[in-house]
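Each chain is listed here by its residues.
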Amino acid sequence: MEKLIQRYSGQGKLILENDEAAAVNYWIDEFQEFVPEGVGGQLPTMPDRRGRVSHLEGHPDWHPITSLHPGPFTLVMSDGRKLKVRMTTLQGSVQGTGDFF
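Attention here is on the structure that accompanies the text.

A count of helices and strands for the protein chain gives one helix and seven strands. Reading the secondary structure of the protein chain in the N-to-C direction produces β-β-β-β-α-β-β-β. Taken over the C-alpha atoms alone, the protein chain extends approximately 55 × 30 × 20 Å along its principal axes. Classification of the 101 residues of the protein chain by burial places 31% in the buried group. If you take every contact in the protein chain between residues at least 6 apart in sequence, the share linking residues at least 24 apart comes to 47%. Treating the 10 positive side-chain charges of the protein chain as one cloud and the 13 negative ones as another, the clouds have centres 2 Å apart.

Below, the structure is given as structure tokens:
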């Protein structure tokens, strides 16, 4: 069973190749899945973070090159935390590749 644990949103920046930065709005949902542990309880698996990033200004879709090189890119959130993300669609859907740093 998958459960929504936390929702993150705000304005930040997406660091692309060559340290180019794009100002973005972001929405990241953190899900936790629980699996049976064998004696009636449940154990958590690794968190799954996925969501969307969109340009603050300009066209909402990302450049088509992101379909050839989807990342990972670094999302810098408004609180200073960073998350490596991969683009899954040109409309800005992203999948986290690890934990915050």
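Here we come to the pattern of salt bridges. All told, the structure shown has six salt bridges when counted by the stated rule. We note a salt bridge from Asp48 to Arg50, for which the minimum N-O separation is 2.1 Å. The network of salt bridges with common partners includes Glu2, Asp48 and Arg50.

This paragraph deals with the nonpolar core. Core analysis: the biggest nonpolar cluster contains 17 residues, and Leu14, Tyr26, Ile28, Val53, Trp62, Leu75 and Met87 have the highest contact counts within it. Going through the elements one at a time, β1 (2-15), β2 (21-36), β5 (73-76) and β6 (82-87) are the ones with two or more residues in this core. Of the residues forming this core, the biggest block, four residues, is contributed by β2.

Let us look at the layout of surface pockets. In this approach, a probe sized like a water molecule rolls over the atoms, and the result shows the empty space that is left. The space that makes up the largest pocket amounts to roughly 220 Å³. Its residues assigned to classes, the lining of the largest pocket comprises four nonpolar, four polar and two charged.

A few words on the packing of aromatic side chains. Tallying each qualifying case throughout the model produces one aromatic pair. Summarising the aromatic geometry, the rings of Tyr8 and Phe100 are spaced 5.2 Å apart at their centres and angled 70 degrees between planes, so their arrangement reads as edge-to-face. With Tyr8 in strand β1 and Phe100 in the segment after β7 (93-96), the pair connects residues that are 92 residues apart, well separated along the chain. Arg81 extends its terminal NZ or CZ atom over the ring of Phe100, reaching a point 4.5 Å from the ring centre.

Criteria and cut-off values
- Residues numbered from 1 in each chain as written.
- Predicted model: local features only at pLDDT ≥ 70, side-chain atom pairs only at ≥ 80, totals over all residues.
- Heavy atoms only, no water.
- Helix = DSSP H or I, 4+ residues; strand = E, 2+ residues; numbered from the N terminus.
- Buried < 20%, exposed > 50% of the residue type's maximum accessible area, 1.4 Å probe, protein only.
- Contact = heavy atoms within 4.5 Å.
- Lys, Arg positive; Asp, Glu negative; His and termini not counted.
- Charge placed at Lys NZ, Arg CZ, Asp CG, Glu CD.
- Salt bridge = Lys/Arg side-chain N within 4 Å of Asp/Glu carboxyl O.
- Core = buried A, V, L, I, M, F, W, Y, C linked by side-chain atoms within 4.5 Å.
- 1 Å grid on protein atoms, 1.4 Å probe; cavity = no way out; pocket = protein on both sides within 12 Å on 5 of 7 lines; lining within 4 Å.
- Points joined across faces, edges and corners; volume = space filled by probe spheres on them.
- Nonpolar A, V, L, I, M, F, W, Y, C, P; charged D, E, K, R; others polar.
- Phe/Tyr/Trp six-rings, centres within 6.5 Å; stacked < 30°, edge-to-face > 60°.
- Lys NZ or Arg CZ within 6 Å of the ring centre and 35° of its normal.

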